[in-house]
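Chain and residue survey
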Amino acid sequence: MSTARIAFVDHAPFVGGAETVLLDLIGHLDRSRFDPIVFLPARSPLVRHLDARGVPWRNLPMPRINVRSPTALLRWRRASSELARLARDCGVDLVHSNTVRAHLASAFVRDVPVVWMLHDDTFPHWLFRRLRRRPARLIANSYTTASTYNLEGDPRACVVHNGVDTQAEPGTRYRFRRRIGIGSDKVLVAHVGRLVRWKGQHLFIRAAARVAGEHPQAHFALVGTYTEGDDSPGVPSALLRAGLSGGAAYHAELQRLAQSAGLGSRLTFAGHQDNIADVYAGIDLLVHASTRPEPFGRVLIEAMAAGLPVIASAQGGPTEIVEDGITGLLVTPGSSQALAEALTKLLADASRRAEMGVAARRLAIERFDIRTQVARIESIYLDILANRARVADAKRG
Ligand code: UDP
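What comes next is a walk through the structure. (Residues numbered from 1 in each chain as written. Predicted model: local features only at pLDDT ≥ 70, side-chain atom pairs only at ≥ 80, totals over all residues. Heavy atoms only, no water.)

Let us look at unusual backbone geometry. Positive phi is not limited to glycine here, since Asn 150 has a value of about 55°. Tracing the sequence through the fold places Asn 150 in the loop between helix 6 (143-148) and strand 7 (157-159). (Helix = DSSP H or I, 4+ residues; strand = E, 2+ residues; numbered from the N terminus.)

What follows concerns the pattern of salt bridges. In a structure, side chains of opposite charge can pair up when their charged atoms sit close to one another. Under the definition given, this model contains 19 salt bridges. We note a salt bridge from Arg 48 to Asp 274, for which the minimum N-O separation is 3.3 Å. One end of the pair, Arg 48, is in helix 2 (residues 46-53); the other, Asp 274, is in the loop between strand 10 (267-271) and helix 11 (276-282), and 226 residues separate them in sequence. With a shortest N-O distance of 2.8 Å, Arg 371 and Asp 369 are connected by a salt bridge. Judged by its relative accessible area of 39%, Arg 371 falls in the partly exposed class. You can call Asp 369 buried: its relative accessible area is 8%. Taken together, the shared-partner salt bridges in this structure form one network comprising Asp 24, Arg 298 and Glu 302. (Salt bridge = Lys/Arg side-chain N within 4 Å of Asp/Glu carboxyl O. Buried < 20%, exposed > 50% of the residue type's maximum accessible area, 1.4 Å probe, protein only.)

Turning next to the sheet that holds strand 11 (residues 285-288). With respect to topology, six strands assemble into an open sheet ordered 10-9-8-11-12-13, the strand pairing being parallel. What marks the edges here is a single partner per strand, and that holds for strand 10 and strand 13 (328-331). Direction aside, the axes of adjacent strands within the sheet are offset by 20° on average. Judged from the three bridges that link them, strand 11 and strand 12 (residues 310-313) form a sheet pairing that is parallel. Paired with His 288 across the bridge in strand 12 is Ala 312. Relative to the sheet, helix 10 (residues 247-260) contacts strand 9 (218-223) and strand 10, its axis offset from that of strand 10 by approximately 160°. (Pairing = 2+ DSSP bridges. Axes fitted to C-alpha atoms, helices over the stretch in contact; angles between N-to-C directions. Contact = heavy atoms within 4.5 Å.)

The next point concerns helix 7 (residues 173-180). An α-helical segment advances 3.6 residues per turn. Residues three or four places apart therefore align on the same side. Residues of helix 7 that are buried include every one of Phe 176, Arg 177 and Ile 180, and no others. Looking straight down helix 7, one finds its buried side chains confined to an arc of 100°; they lie on one side. The secondary structure elements touched by the buried residues of helix 7 are strand 8 (187-192), strand 9, strand 10 and helix 11. Downstream of helix 7 by a residue or two, Gly 181 has a phi angle that is positive, lying close to 70°. (Arc of directions from axis to C-beta.)

Turning next to the packing of aromatic side chains. Inspection of the entire model under this criterion finds six aromatic pairs. Judged by centre distance (5.6 Å) and plane angle (70°), the ring pair of Phe 34 and Tyr 381 falls under edge-to-face. Here Tyr 381 lies in helix 16 (residues 370-396) and Phe 34 lies in strand 2 (residues 34-40), a separation of 347 residues in the sequence. Take Phe 34: its relative accessible area is 0%, and that puts it in the buried class. Overall, Tyr 381 belongs to the buried group, its relative accessible area being 0%. For the ring pair Trp 116 and Phe 123, a centre distance of 5.2 Å and an interplane angle of 85° mean the geometry is edge-to-face. Classification of Phe 123 as buried rests on a relative accessible area of 1%. The positively charged end of Arg 77 is found above the aromatic ring belonging to Phe 108, 4.9 Å away from the centroid. (Phe/Tyr/Trp six-rings, centres within 6.5 Å; stacked < 30°, edge-to-face > 60°. Lys NZ or Arg CZ within 6 Å of the ring centre and 35° of its normal.)

Following this line, the structure appears as structure tokens:
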């Protein structure tokens, strides 16, 4: 078979889990069989990552407005025609919608098969019901996401969990610590994620404040930043209501909270870190405090692959990832008290942390390696392309 050109369509205005998945997927694709190209808005922050890796991309302007707004349909129609033109010009064999919303541009592509990857639960369900029939395959990143969209029983749908490169070179333990000025004597606990309310950084701060006095050796860090304009009027109101927004306002609120909780120099706002491997190598414990069911929770498998124990909310994706009491602790969602209790257990017990870290890495290697994820997605592409070739042959002959 000659190389198949796969066009990945991505819409996110930030580099989140779905974009990291995309970069990893492209990085591990079998290039003797697949030739990737990415269609995305030229202003996307993903562009510099693609350039750094030498991955070709084309500008596909996509609106960032409420799908119910009167002009939305028109703008998406424009994006959709542009995508069809790009697909023709670039000789695309298969389109992979990488973000749920980007699929609005791919949904009406007629000449090539489309795979719709579902990484999150933000797509309006009324619209999903209209669009779900057309893609050749639907891939959910977790059983949680699959059930959000009622994919159970659909023969074209499957779950492919995220993977990370468990064989990658680990980060350097002291680089991140040095960057934030934390010595080797401290137990460093971090929350890694975008600064958006539903990621629960405020709960992390409250829990840290509860345990800080009892554990003077502990230091806390928030790793991640907010997206400019996340709290602007352009953000769909449903997202705002769901606490999906963040922006400078949430950042400022967190700073005030840390101040009033008396955490002072015990908490660092580390901002966005490009070298996340150094972060995991530098910390001792990862906390994930999402207040609504996380569709997957990629930071958990990244931390586990780095041999870290994790504390996570007992709902959504994390329950498919963390083995409670073995690779980490699952806690009642939305409760800073429950988070504080889990923190106390693990801060007080270095050998339990070490045991959990070993078990976490083992589980990451067994279940969440990038090679397994990519092999499954490649076999889906091959299946679709073979089917298409059969249909074309039948038509000809
Ligand atoms: N991330 C990063 N630097 C940071 C904070 C986060 O590179 O400072 C990455 C993190 O390693 C992970 C992704 O952003 O790959 C977040 O993915 P997740 O699925 O946890 O959350 P999402 O942002 O997609 O909701």
